[in-house]
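# Tertiary structure, described
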Amino acid sequence: MGLSVVVVMKDRRKLQRLRDQLTELRPAPRVLMALGEGEASINSVEMLNPALARQRRQRSMVRWLMPFGFFAGLMFTFITDLHTFSFAGTYGEPVIGGLLGMGSGWMGSYAAAASVRSEADDRIRSLRNRLEEGSWLLLVESSPGQEIPWLMIQQSGPQAVVRLGEG
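Residues numbered from 1 in each chain as written. Predicted model: local features only at pLDDT ≥ 70, side-chain atom pairs only at ≥ 80, totals over all residues. Heavy atoms only, no water.

This part is about the pattern of salt bridges. Using the criterion set out here, one finds 4 salt bridges in the structure. We note a salt bridge from Asp-11 to Arg-13, for which the minimum N-O separation is 3.9 Å. For Asp-11, a relative accessible area of 26% corresponds to the partly exposed category. Accessibility expressed as a relative area gives 59% for Arg-13, which makes it exposed. (Salt bridge = Lys/Arg side-chain N within 4 Å of Asp/Glu carboxyl O. Buried < 20%, exposed > 50% of the residue type's maximum accessible area, 1.4 Å probe, protein only.)

Encoded structure:
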């Protein structure tokens, strides 16, 4: 992933003109997405929606936390001399402990995913506020090694240019 910036424009026609100019460049930026009223929704872009990023993190964490929790619960049942679920028998008791550990891993994936805060959260919040004020956004993401056309962006008269990061 290359550099990602968001251009904030007050006038939709200027935004569309800039998008068309950037599309005509060779090589064109990898991603050009207009956001705002009548354009794409900001909630559909993972880079600008912390909830989508959190869901992706949770799904990736659950893949290893649930099996780890199962084996941890199973081993805990064998290691300790507690017979909490003795009604289930010698084989059922460790399985119940493993299932409880697996449930703990599932809950832990939600807690761990929610605890990670992105360094761009404040910038994203300001972009969402600009969008609510009636501005339009243009997400520009360059390919690796490709330079963002800064001069063209500045000549279009943006309200702001917000750098989201480099990947």
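Note that Ser-86 resides in the loop between helix H2 (50–79) and helix H3 (89–115). When the C-alpha atoms of Ser-86 and Trp-106 are compared, they prove to be 25 Å apart, with 20 residues separating the residues in sequence. (Helix = DSSP H or I, 4+ residues; strand = E, 2+ residues; numbered from the N terminus.)

This part covers the side chain of Ser-135. Secondary-structure assignment places Ser-135 in the loop between helix H4 (121–132) and strand S3 (136–141). There is a polar contact of 2.8 Å between the side chain of Ser-135 and the side chain of Gln-159. Discounting residues that sit within four places of it in the chain, Ser-135 has contacts with Val-8, Met-9, Lys-10, Arg-130 and Gln-159. (Polar contact = N/O pair within 3.5 Å; in protein donor to acceptor, adjacent residues only side chain to side chain. Contact = heavy atoms within 4.5 Å.)

Let us now look at the nonpolar core. By size, the foremost hydrophobic cluster in this structure holds 14 residues, and its most contacted members are Val-6, Leu-35, Ile-42, Leu-48, Leu-127, Leu-137 and Leu-164. For this core, the secondary structure elements donating two or more residues are strand S1 (3–9), H4, S3 and strand S4 (160–166). Excluding anything up to four places from it in sequence, Leu-48 contacts Val-6, Leu-35, Ile-42, Ile-124, Leu-127, Arg-128 and Leu-164. Within the second largest apolar cluster, 13 residues are counted, among which are Val-7, Leu-15, Leu-22 and Leu-138. (Core = buried A, V, L, I, M, F, W, Y, C linked by side-chain atoms within 4.5 Å.)

To continue, consider the sheet that holds S3. The strand order across the open sheet built from 4 strands is S2-S3-S1-S4, with neighbouring strands paired in antiparallel fashion. Both edges of this open sheet fall to strand S2 (31–35) and S4, since each of them pairs with a single strand only. On average, each strand axis in the sheet is inclined to that of its neighbour by 15°, with strand direction left out of account. Pairing between S1 and S4: 6 bridges, direction antiparallel. (Pairing = 2+ DSSP bridges. Axes fitted to C-alpha atoms, helices over the stretch in contact; angles between N-to-C directions.)

Our next topic: a nonpolar patch on the surface. Residues Met-75, Phe-78 and Ile-79 make up a contiguous nonpolar surface patch of about 360 Å² in total accessible area. Position of Phe-78 among the secondary structure elements: in helix H2. A relative accessible area of 54% places Phe-78 in the exposed class. (Patch = residues over 30% accessible without salt bridge, like charges linked within 9 Å, V, L, I, M, F, W, Y side chains within 5 Å. Areas by Shrake-Rupley, 256 points an atom, 1.4 Å probe, with all protein chains shown as cover.)

The next thing to look at is the side chain of Asn-49. Position of Asn-49 relative to the elements: it lies in the loop between S2 and H2. Among residues more than four places away in sequence, those in contact with Asn-49 are Ile-42, Asn-43 and Arg-128.

Our focus in this paragraph is helix H1 (residues 12–24). Over its 13 residues, H1 extends 19 Å from the first C-alpha to the last, a length consistent with the 18 Å expected when each residue adds 1.5 Å. Every buried residue of H1 is accounted for by Leu-15, Leu-18 and Leu-22. The arc that holds the buried residues of H1, viewed along the axis, is 65°, so those residues lie on one side. Facing away from the buried side of H1 by more than 90 degrees, the exposed set consists of Arg-13 and Glu-24. (Expected span 1.5 Å × (residues − 1). Arc of directions from axis to C-beta.)

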